[in-house]
Amino acid sequence: LAKHPEIKALMKPDYNLIWVVVLMVLAQLTAFYLVKDLDWKWVVFWAYVFGSCISHSMTLAIHEISHNSAFGNCKAMWNRWFGIFANLPLGLPYSISFKRYHMDHHRYLGGDGIDVDIPTNFEGWFFCTRFRKFIWIVLQPFFYAIRPLCINPKPITRLEIINLVAQLAFDVAIYYLWGVKSIFYMLAGSVLGLGLHPISGHFIAEHYMFLKGHETYSYYGPLNLLTFNVGYHNEHHDFPNIPGKSLPLVKKIAAEYYDNLPQYNSWIKVLYDFVMDDTISPYSRMKRQLKGEVEQE
């Protein structure tokens, strides 16, 4: 910032995010209606080909919203309510809890017992062969859901209860209106999209140390178009209050800080290398023993 103070001008809400999220919710509602009378094989096909992409993209929209990118920091509660709305087509309550844990990830990156993005010791010990690492990738949604309960359980908040109730009401309404195939499409899309899917390469690309000494990596490939530029991950951790839309400008303005860092151009290759490289496993993360006072979200 001292060298490039113009970056401060990028620290503002991305109001286009609001309309993109609304359109994504409407797209999924349309899909719920269209799949209700299809054969099961086509429900599964469209859940993976279309629903999974929208669902994973929506989780990254929720990531943006968790940083108050939709309405700005001065309207923090507007962002929380909007996150609950964006959560609806995913089928499972996620938005409020994600925000609480994700802020800890930024404050205490790699913090032992705090950052639940770090795999558990069991994951590192058990998923150590190529086949087991492949299974671990498939089951990533499961581990991301239960890991906070094992590593850093937090008291349930009022907003999390509201998130849960709103989600259950939405799911019941979809089942009542369009039946079990629409519900299956919704839930399968979320599970498949967060598991064995090209976009899921970002889970591993972001912080797994393929090179010693480098714990955060950026990806500059085309899938950033579907993921709100989450691939610009060094830039995001440097400036978490800048919306994803503006992160390419951060890289352009401060190119001397980013161009020479290790980077990826393919999330699919990241997944392949993670499975096939015997030196990489869920243990390949930086873990820190935190000292001093820890203030969690």
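Going by the annotation in an unreviewed UniProt entry, the name recorded for the chain is Sphingolipid delta(4)-desaturase DES1, with Machaerirhynchus nigripectus given as the source organism. Quoted verbatim from the Subunit (unreviewed entry) field of the UniProt record, the comment on the chain reads "Interacts with RLBP1; the interaction increases synthesis of chromophore-precursors by DEGS1." Database annotation for the chain, UniProt heading Function (unreviewed entry): "Has sphingolipid-delta-4-desaturase activity. Converts D-erythro-sphinganine to D-erythro-sphingosine (E-sphing-4-enine). Catalyzes the equilibrium isomerization of retinols."

S.K.: Please explain the UniProt feature "domain: Fatty acid desaturase" (unreviewed entry) in the chain as it appears in this structure.
M.R.: The sites that carry the UniProt feature "domain: Fatty acid desaturase" (unreviewed entry) are, in the present numbering, residues 41-263. Summarising residues 41-263: 61% helix, 1% strand, and an end-to-end C-alpha distance of 38 Å.

S.K.: Got a minute to help me understand a nonpolar patch on the surface in this structure?
M.R.: Residues Trp42, Phe45, Trp46, Tyr48, Val49, Phe50 and Leu192 make up a contiguous nonpolar surface patch of roughly 610 Å² in combined accessible area. The biggest single contributor to the nonpolar patch is helix α2 (residues 40-66), with six residues. By secondary structure assignment, the location of tryptophan 46 is in helix α2. Residue tryptophan 46 is classed as partly exposed on the basis of its relative accessible area of 38%.

S.K.: Would you explain the nonpolar core in this entry?
M.R.: A general trend in soluble globular proteins is that nonpolar side chains are found buried together. Membership of the largest hydrophobic core comes to 36 residues, with the highest contact counts inside it found for Val21, Met58, Trp136, Ile204 and Phe274. Mapped by element, the contributors of at least two residues to this core are α1 (16-34), α2, α3 (76-87), α6 (130-138), α10 (201-207) and α14 (267-276). In contact with isoleucine 204, other than residues within four places in its own chain, are Trp136, Ile137, Phe210, Val270, Leu271 and Phe274. Of all hydrophobic cores here, the second largest spans twelve residues; its members include Ala31, Ile174, Tyr185 and Met186.

S.K.: For this particular structure, what's the right way to read the pattern of salt bridges?
M.R.: Pairs can form between side chains of opposite charge once their charged atoms are near each other. Taken as a whole and assessed by the stated rule, the structure comprises 13 salt bridges. Between arginine 285 and aspartate 117 there is a salt bridge, with its nearest N and O atoms 2.8 Å apart. In this pair, arginine 285 sits in the segment after α14 while aspartate 117 sits in the loop between α4 (95-107) and α5 (121-126), placing the two residues 168 residues apart along the sequence. On the basis of relative accessibility, which here comes to 13%, the residue aspartate 117 falls in the buried class. Its salt-bridge partner being aspartate 278, residue arginine 130 comes within 3.2 Å of it at the nearest N-O pair. Of this pair, arginine 130 sits in helix α6 while aspartate 278 sits in the segment after α14; the two residues are 148 residues apart in sequence, bridging distant segments of the chain. What makes arginine 130 partly exposed here is its relative accessible area of 38%. For aspartate 278, a relative accessible area of 58% gives the class exposed. Several salt bridges share partner residues, and in doing so they unite Asp104, Arg107 and Lys154 into one network.

S.K.: Would you mind showing me how to read the packing of α6 against helix α7 (residues 140-151) here?
M.R.: Each pair of packed helices gets described by two things: the angle between the helix axes and the distance between those axes. Where α6 contacts α7, the two axes come as close as 5 Å, and the packing angle between them is 70°. If you check the angle between α6 and α7, you find them roughly perpendicular. Along its contact with α6, which presents Trp136, Ile137 and Val138, the element α7 presents Gln140, Pro141, Phe143 and Arg147. Its residues placed into classes, the contact of α6 with α7 shows five nonpolar, one polar and one charged.

S.K.: Even after reading the chapter, I still don't get α1, so can you show me in this structure?
M.R.: Residues that lie three or four places apart on an α-helix share one face, since the helix turns once every 3.6 residues. Given a rise of 1.5 Å per residue, 19 residues ought to cover 27 Å, and the 27 Å separating the end C-alpha atoms of α1 matches this to within 8%. As for α1, its buried residues are in contact with α2, α3, α8 (158-178) and α9 (180-193).

S.K.: Hey, could you run me through unusual backbone geometry in this one?
M.R.: Trans peptide bonds make up the majority, and among non-glycine residues the majority have a negative phi. Residues other than glycine seldom take positive phi values, yet asparagine 68 does so here, at roughly 65°. Looking at where asparagine 68 falls in the secondary structure, it is placed in the loop between α2 and α3. Residue class for asparagine 68 comes out buried when judged on its relative accessible area of 11%. Of note in the backbone geometry, asparagine 229 takes a positive phi value of approximately 60° without being a glycine. Along the chain, asparagine 229 turns up in the loop between β1 (218-219) and α11 (233-238).

S.K.: Hey, could you run me through the side chain of histidine 207 in this one?
M.R.: One can find histidine 207 in helix α10. For histidine 207, a relative accessible area of 2% puts it in the buried group. Among the polar contacts made by the side chain of histidine 207, one reaches the side chain of histidine 105 at a distance of 3.3 Å. Side chain to side chain, histidine 207 and histidine 233 meet in a polar contact 3.3 Å long. Not counting residues up to four positions away in its chain, the partners in contact with histidine 207 are His105, Leu109, Asp117, Glu215, Thr216, His233, His237, Ser284 and Arg285.

The rules behind these values
Residues numbered from 1 in each chain as written. Predicted model: local features only at pLDDT ≥ 70, side-chain atom pairs only at ≥ 80, totals over all residues. Heavy atoms only, no water. UniProt positions renumbered as here; feature names shortened; annotations may be inferred. Helix = DSSP H or I, 4+ residues; strand = E, 2+ residues; numbered from the N terminus. Patch = residues over 30% accessible without salt bridge, like charges linked within 9 Å, V, L, I, M, F, W, Y side chains within 5 Å. Areas by Shrake-Rupley, 256 points an atom, 1.4 Å probe, with all protein chains shown as cover. Salt bridge = Lys/Arg side-chain N within 4 Å of Asp/Glu carboxyl O. Buried < 20%, exposed > 50% of the residue type's maximum accessible area, 1.4 Å probe, protein only. Core = buried A, V, L, I, M, F, W, Y, C linked by side-chain atoms within 4.5 Å. Contact = heavy atoms within 4.5 Å. Axes fitted to C-alpha atoms, helices over the stretch in contact; angles between N-to-C directions. Parallel < 35°, antiparallel > 145°, perpendicular 65-115°, else oblique. Nonpolar A, V, L, I, M, F, W, Y, C, P; charged D, E, K, R; others polar. Expected span 1.5 Å × (residues − 1). Polar contact = N/O pair within 3.5 Å; in protein donor to acceptor, adjacent residues only side chain to side chain.

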